[in-house]
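The chain contents come next:
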Amino acid sequence: MQDQNFIDGHWRSAHSGKTFAVCDAATGEELARVPQSGALEAVDAINAADNAFHGWSTLSPSKRASFLTLIAQGMRERKTEFAQIMTAECGKPLDEAQGEVDYGADYFLSAADEANRLQSESIPSRRADRALNAIPEPIGIVGAITPWNFPLAMLARKTAPALAVGCTQVVKPAELTPLTALAFAQLLHDVGLPAGVVNVITGDPSSIGQAWLSDGRVRKLSFTGSTAVGRLLMKSAAEQVVRLSLELGGHAPFIVFSDADVSAAVVAAVNGKFRVAGQTCVCPNRFIVAEDVYEQFVSQFAAMAKELRVGRGRDAGVRIGPLIDDRAITRIRNQIKDAVSHGAKIVTGGETVHVEGCLDRFFAPTVLANASTEMLCFREETFGPLAPIAKFETESQAIEMANDTPFGLAGYIFSRDQNALQRVSRQLNCGIVGVNTGVISDAYAPFGGRGWSGFGREGGRWGIEEYISWKYVCAAVNG
Ligand code: SIN
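Cut-off values and rules
- Residues numbered from 1 in each chain as written.
- Predicted model: local features only at pLDDT ≥ 70, side-chain atom pairs only at ≥ 80, totals over all residues.
- Heavy atoms only, no water.
- Domains from an automatic or database assignment.
- Contact = heavy atoms within 4.5 Å.
- Buried area = accessible area lost by both parts, 1.4 Å probe.
- Core = buried A, V, L, I, M, F, W, Y, C linked by side-chain atoms within 4.5 Å.
- Buried < 20%, exposed > 50% of the residue type's maximum accessible area, 1.4 Å probe, protein only.
- Pairing = 2+ DSSP bridges.
- Helix = DSSP H or I, 4+ residues; strand = E, 2+ residues; numbered from the N terminus.
- Axes fitted to C-alpha atoms, helices over the stretch in contact; angles between N-to-C directions.
- Near = heavy atom within 4 Å.
- Polar contact = N/O pair within 3.5 Å; in protein donor to acceptor, adjacent residues only side chain to side chain.
- Areas by Shrake-Rupley, 256 points an atom, 1.4 Å probe, with all protein chains shown as cover.
- Nonpolar A, V, L, I, M, F, W, Y, C, P; charged D, E, K, R; others polar.

Some points on the domain arrangement of the chain
As assigned here, the chain comprises domain 1 (5-248 + 453-474) and domain 2 (252-443). Of note, the centres of domain 1 and domain 2, computed from C-alpha atoms alone, are 31 Å apart. Taken residue by residue, the interface counts 28 residues in domain 1 and 28 residues in domain 2. Between domain 1 and domain 2, a total of about 2,200 Å² is buried, with carbon and sulfur atoms accounting for 61% of that surface.

Here you go:
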């Protein structure tokens, strides 16, 4: 297992020699120690990316695309290794971790397609004395700060488009899950990616982030994480006018209309809500269900949720792994307490589950009936396996409840009426809408939010655009 920084194609310790522990999310057992890097290593990484920039950015897009394809193949070949590391460090079930490897590899395949399509565009002008061209140039060195809930896919989502366009990159993975990113760096090394094109350092987020944003050579930073940290990054990015992509918190509504296929909606709700034990930005967080199918939805949902096996992600059949830390347990407990004090009823779950030999971080999938908009769980993102279900009477009431949040990442709607689905999709104030499905992630689509959920898009051609600085060339044409 790789446990050092990857800078300029070499494995290096922090200058201070200091390290920090990376632990198994289920047991707390130490898996490895990795460098406690800070500003010095952050600048080393930029220097390496700077040296590599000319060579990489002038390589033909099709050569870059070949590297991207090799990386995707390598990810799939090492699927088991990547999945085992992810399950150990972030706790997710092994089959979800394997799915994440495929999801991540798709970002490279999508970016390879886009690299092959990159070209200058000639712009028709009304004036005969000018030839106008738009040239896609890489924005420069780019930074990526990745989250712990998708240690590989979120890195892939940032690295693939950056490399496609010709940028070089500096990466800081989440402190809780750096081993996946280091294993990924090993893959980049093994496929022969030129030294310095991608540099991965582990350590202190604020000193690394600050060093990158104040350096002037890092021209873009892509961050997935909390809205609070996103705000701080926006302030720091102002100094050097660094372009940002921010994928921040979510608070997704899940609306079930009375004409929906309720059983299908329940299956979608369970799949969407309990993926990574409810610790995804896009997972449904507020269930808003038509009153005439409310009882049916609640009872079927609770029955399915109750059957989900809670345990260590590496064990067969487990659907709900541990939450990432003790704060997550406190947050879900507080939300449940608050909801119950406002009249909610716990239909299933509501407490931690003891798993032999593990930390007290496993929470039973929990369904709350009689939820309402004044409850904390309807106002704040949970990031845990809690499903509060409220009732609505009219379509406009459902839309109003759904949009009653400053967040705007994902939303889900269930109905058999195509007109209603289109109408409501348009009115939801969010970046992604799931129509009769609870899982919307796709590497070929523009993933991203609005409002407090951030800005910028990742995936497909939209993700590529974030790394391009278009140069407009206006040439005089002599008559
Ligand atoms: C996230 O929750 O941060 C991303 C989820 C996804 O891409 O599916």
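Description of the nonpolar core
Ranked by internal contacts, the top residues of the largest apolar core, which has 136 residues, are Met75, Phe184, Ile255, Phe297 and Phe301. If we skip the residues at most four places from it in the chain, Phe184 touches Ile71, Met75, Phe82, Phe108, Leu152, Leu155 and Thr159. Counting residues in each nonpolar core, the second largest holds 23 residues, with Ile46, Ala49, Val218 and Leu248 among its members.

Concerning the sheet that holds strand S12 (residues 252-256)
On the basis of which strands lie adjacent, the open sheet formed by seven strands has the order S16-S17-S18-S13-S12-S20-S21 and mixed pairing. Of all strands in the sheet, those with a lone pairing partner are strand S16 (345-348) and strand S21 (432-435), marking the two edges. Within the sheet, the average angular offset between the axes of one strand and its neighbour, ignoring direction, is 25°. Relative to S21, strand S20 (residues 410-414) runs parallel, the two being bridged by four bridges. Bridge pairing links Gly411 to Val433 in S21. Against the sheet, helix H9 (residues 262-273) engages S12, strand S13 (284-290), strand S18 (386-392) and S20, with an angle of about 165° to S13. Contacts between helix H10 (residues 291-307) and the sheet are confined to S12, S13, S16, strand S17 (366-369) and S18, with S13 contributing the most and set at about 140° to the helix.

Here's the deal with the environment of Ser425
Summarising the element assignment, Ser425 is placed in helix H14 (residues 418-427). Measuring from C-alpha to C-alpha, the distance between Ser425 and Gly411 comes to 8.4 Å, with 14 residues separating the pair along the chain. Sequence-distant contacts of Ser425, defined by excluding residues within four places in its chain, comprise Ile413, Val433 and Val435.

Some words on the site of the ligand
Taken together, the residues surrounding the ligand are Tyr103, Asn149, Phe150, Met154, Arg157, Glu247, Arg275, Thr280, Cys281, Val282, Ser441 and Phe447. Here an oxygen atom of the ligand and a side-chain polar atom of Tyr103 are 2.6 Å apart. Considering the ligand on its own, with 260 Å² of exposed area, one finds that the protein chains cover 100% of that surface. Within the shell around the ligand, the residues separate by chemical class into six nonpolar, three polar and three charged. In terms of domain composition, the shell around the ligand takes at least three residues from each of domain 1 (5-248 + 453-474) and domain 2 (252-443).

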